[in-house]
Amino acid sequence: MALATASLAPRTVNYGIGWQRSDQLVNSMSIYKSIEHAGRVVITIGTNDLLQGREADIKTRYQTILSKIPAKTPIVMNSVPPMGEVVFYGRKIEDANVRKVVASAKAVCLADYRCHFVNTYEALAPNGSPTPGVLLGDHIHLTPKGYQIWIDAMRPAFEEMAQ
């Protein structure tokens, strides 16, 4: 939601909506008319699914999201970022579940010729746990350092698409 999209490309629109889950994005994509004219679409969704215990069948929802993007539009699909030790409304968010969501996003993206996968999880947690200083105290949201690492991880996909 807070990604400075202008740092990746000019004339960008960020439709990051707080608390939105993948099922809600599927239902609301038709209102985003700019998708029909976009030079590329960047998808990052799944953290709220995890926080709300709704990650089951996310792979199908990822497939549906990609199917709603025009056939010739390039896509950058980011995995969810890592989370630290998070207990959310009394429920511990297990890293194994986060990794399953990452794997689902990767599998769906790799199956679509338009899609470039960016493993945000690995960029921010190359050793299996979040790099110190990339997450805020809530262990969910990124710090400026975390956002910079994420932007740097996305740049190769944007450069490849520009060629």
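The structure we're discussing is the one just above.
These numbers were taken from a predicted model, which means no experiment stands behind them.

Draft legend 1. Spotlight on the overall build of the protein. Looking only at helices and strands, one finds six helices and five strands in the protein. Sequence-ordered secondary structure for the protein, helices as α and strands as β, is α-β-α-α-β-β-β-α-β-α-α. Against the globule reference of 15 Å for 163 residues, the protein gives a C-alpha radius of gyration of 15 Å, in line with a compact fold. Seen through its C-alpha atoms, the protein measures out along the principal axes to roughly 40 × 30 × 25 Å. Split into buried and exposed, the 163 residues of the protein put 45% on the buried side. Here the contacts in the protein between residues at least 6 apart in sequence split such that 69% fall between residues at least 24 apart. Carbon and sulfur atoms make up 55% of the accessible area of the protein, which totals about 8,700 Å².

Draft legend 2. Up close: the sheet that holds strand β2 (residues 75-78). Taken in spatial order, the three strands line up as β1-β2-β5 in an open sheet, and their pairing is parallel. The sheet terminates laterally at β1 (41-44) and β5 (115-118), the two strands that pair on one side only. Neighbour-to-neighbour, the strand axes of the sheet open up by a mean angle of 20 degrees, direction not taken into account. Bridge count for β2 against β5 is four bridges, and the pairing is parallel.

About the thresholds
- Residues numbered from 1 in each chain as written.
- Predicted model: local features only at pLDDT ≥ 70, side-chain atom pairs only at ≥ 80, totals over all residues.
- Heavy atoms only, no water.
- Helix = DSSP H or I, 4+ residues; strand = E, 2+ residues; numbered from the N terminus.
- Rg over C-alpha atoms; globule rule 2.2 N^0.38 Å.
- Buried < 20%, exposed > 50% of the residue type's maximum accessible area, 1.4 Å probe, protein only.
- Contact = heavy atoms within 4.5 Å.
- Areas by Shrake-Rupley, 256 points an atom, 1.4 Å probe, with all protein chains shown as cover.
- Pairing = 2+ DSSP bridges.
- Axes fitted to C-alpha atoms, helices over the stretch in contact; angles between N-to-C directions.

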